[in-house]
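Observations on the three-dimensional arrangement
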Amino acid sequence: MIATINNYQVDLSKPIDISIPLSNTDANPIAWYIDKPEIEPVRFGEWIGKVSSGMSSTNFNSILFNPHGHGTHTECLGHITRDFYSVNQSLKQFFFTAELVSIELEDHQGDFIVTKEALFNALDGKSPEAIVIRTLPNDTTKLSRKYSHTDPPFMTEDAALYLRESGIQHLLIDLPSVDKEKDEGKLLAHKAFWNVTDVNTLNSDARVEATITEMIYVPDAIPDGSYLLNLQIASFENDASPSKPVLYSMRNI
């Protein structure tokens, strides 16, 4: 199916899924010191909600997972505020112009970081609604990496501020967090991107509609450039939801 959006043609029959599937296997990525997800059939006494058990006509599983630690997820500023904000209420549109950029991580005193300069050069004057960041080096271990206590790469406060000032509403990245794993709760990049100056009493100009999506994976075969992004979430009334961001190539008419 070919759709025409503004001055672009988009082939909706060729989606590029950049989410990481959630499973209850050891292949599932994990961050923030938790165990792998649990996906188990419901049990009532000796009855098991699984067709292969011979007791049930349906498969009837319960799932225990954490959106922040178990894979691709989209979060709103409610992730860092005292008061409750739901990503399901914050994200009301689902299609955005997006720029996919590959960013070489910079070694800064032993930390590997995404810098303002690298983002400025990669965007090259473009101002999309969303940015999709593929950090380099990039390999398939991101699909199953165990991040806890490994001090993964992160984004500097200046870099997040630059994205905010560029008008970018939706930030997608292949890291478990835009902030340093152990930063004494400063969360400088989160606060800069959402423009949150007081987590206890939210400032009126905080960006309630902006989102951050973490733990994506963009294969090397997908070239940098402009795309249409479909940012799909489950309808959880929570600060974050598991999500399925999908890119579509765009061609000038």
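Reference entry: report on the structure contained in this document. (Residues numbered from 1 in each chain as written. Predicted model: local features only at pLDDT ≥ 70, side-chain atom pairs only at ≥ 80, totals over all residues. Heavy atoms only, no water.)

**Focus: the overall build of the chain**
Looking only at helices and strands, the chain features 4 helices and 17 strands. Since a compact globule built from 253 residues should have a radius of gyration of about 18 Å, the 19 Å found for the chain is in line with a globular shape. For the chain, the C-alpha atoms occupy an extent of roughly 60 × 50 × 35 Å along the three principal directions. With 253 residues in all, the chain has 46% of them scored as buried. Taking contacts inside the chain between residues at least 6 apart in sequence as the whole, the part at least 24 apart equals 72%. As displayed, the chain has an accessible area near 12,800 Å², and 52% of this comes from carbon and sulfur atoms. If the 20 positive side-chain charges of the chain are averaged to one point and the 35 negative ones to another, these points end up 4 Å apart. (Helix = DSSP H or I, 4+ residues; strand = E, 2+ residues; numbered from the N terminus. Rg over C-alpha atoms; globule rule 2.2 N^0.38 Å. Buried < 20%, exposed > 50% of the residue type's maximum accessible area, 1.4 Å probe, protein only. Contact = heavy atoms within 4.5 Å. Areas by Shrake-Rupley, 256 points an atom, 1.4 Å probe, with all protein chains shown as cover. Lys, Arg positive; Asp, Glu negative; His and termini not counted. Charge placed at Lys NZ, Arg CZ, Asp CG, Glu CD.)

**Quick look at unusual backbone geometry**
Excluding glycine, a negative phi dihedral is what most residues carry, and trans is how most peptide bonds are arranged. Here the bond from L136 into P137 is cis, since omega is 5°, no more than 30 degrees from zero. Mapped onto the fold, P137 is located in the loop between strand 12 (130-136) and strand 13 (154-155). Even without being glycine, Y33 reaches a positive phi, approximately 70°. When you line up the elements, Y33 lands in the loop between strand 3 (16-17) and strand 4 (38-41).

**What to know about the pairing of strand 9 (residues 95-104)**
Of the strand pairs in this sheet, strand 9 and strand 16 (residues 225-233) are connected by 6 bridges, and their pairing is antiparallel. When the bridges of strand 16 are listed, F95 appears paired with N230. Relative to strand 12, strand 9 is paired through 7 bridges, and the arrangement is parallel. The residue of strand 12 that forms the bridge with V101 is I133. (Pairing = 2+ DSSP bridges.)

**Thoughts on the side chain of N28**
Relative to the helices and strands, N28 resides in the loop between strand 3 and strand 4. Under the relative-accessibility criterion, N28 is labelled buried at 1%. A distance of 2.8 Å separates the side chain of N28 from the backbone nitrogen of S23, its partner in a polar contact. (Polar contact = N/O pair within 3.5 Å; in protein donor to acceptor, adjacent residues only side chain to side chain.)

**Details of the environment of R207**
Residue placement: R207 occurs in the loop between helix 4 (188-194) and strand 15 (211-214). On the basis of relative accessibility, which here comes to 12%, the residue R207 falls in the buried class. Separated by 15 residues in sequence, R207 and A192 place their C-alpha atoms 10.0 Å apart. If we skip the residues at most four places from it in the chain, R207 touches L77, R164, G167, I168, Q169, F193, W194 and N195. Here the side chain of R207 touches F193 through a polar contact of 2.9 Å, landing on its backbone oxygen.

**A closer look at helix 2 (residues 116-123)**
Restricting attention to buried positions, one finds in helix 2 the residues A118, L119 and L123. All buried residues of helix 2 fall inside an arc of 120° around its axis, so they share one side. Exposed side of helix 2, more than 90 degrees from the buried face: E117 and N121 are the residues found there. Against strand 9, strand 11 (111-114), strand 12, strand 13 and helix 3 (157-165) lie the buried residues of helix 2. After helix 2 finishes, the residue D124 shows a positive phi value of roughly 50°. (Arc of directions from axis to C-beta.)

**What about the nonpolar core?**
Counting 29 residues, the largest nonpolar core has L119, I131, I133, M155, L163, L171 and F193 as the members making the most contacts within it. Of all the secondary structure elements, the ones that give two or more residues to this core are strand 9, helix 2, strand 12, helix 3, strand 14 (170-173) and helix 4. Ignoring sequence-local partners within four residues, the contact set of L163 consists of L119, L123, I131, M155, I168, L171 and F193. Ranked by size, the runner-up nonpolar core spans 19 residues in total, among them V87, L100, V132 and L172. (Core = buried A, V, L, I, M, F, W, Y, C linked by side-chain atoms within 4.5 Å.)

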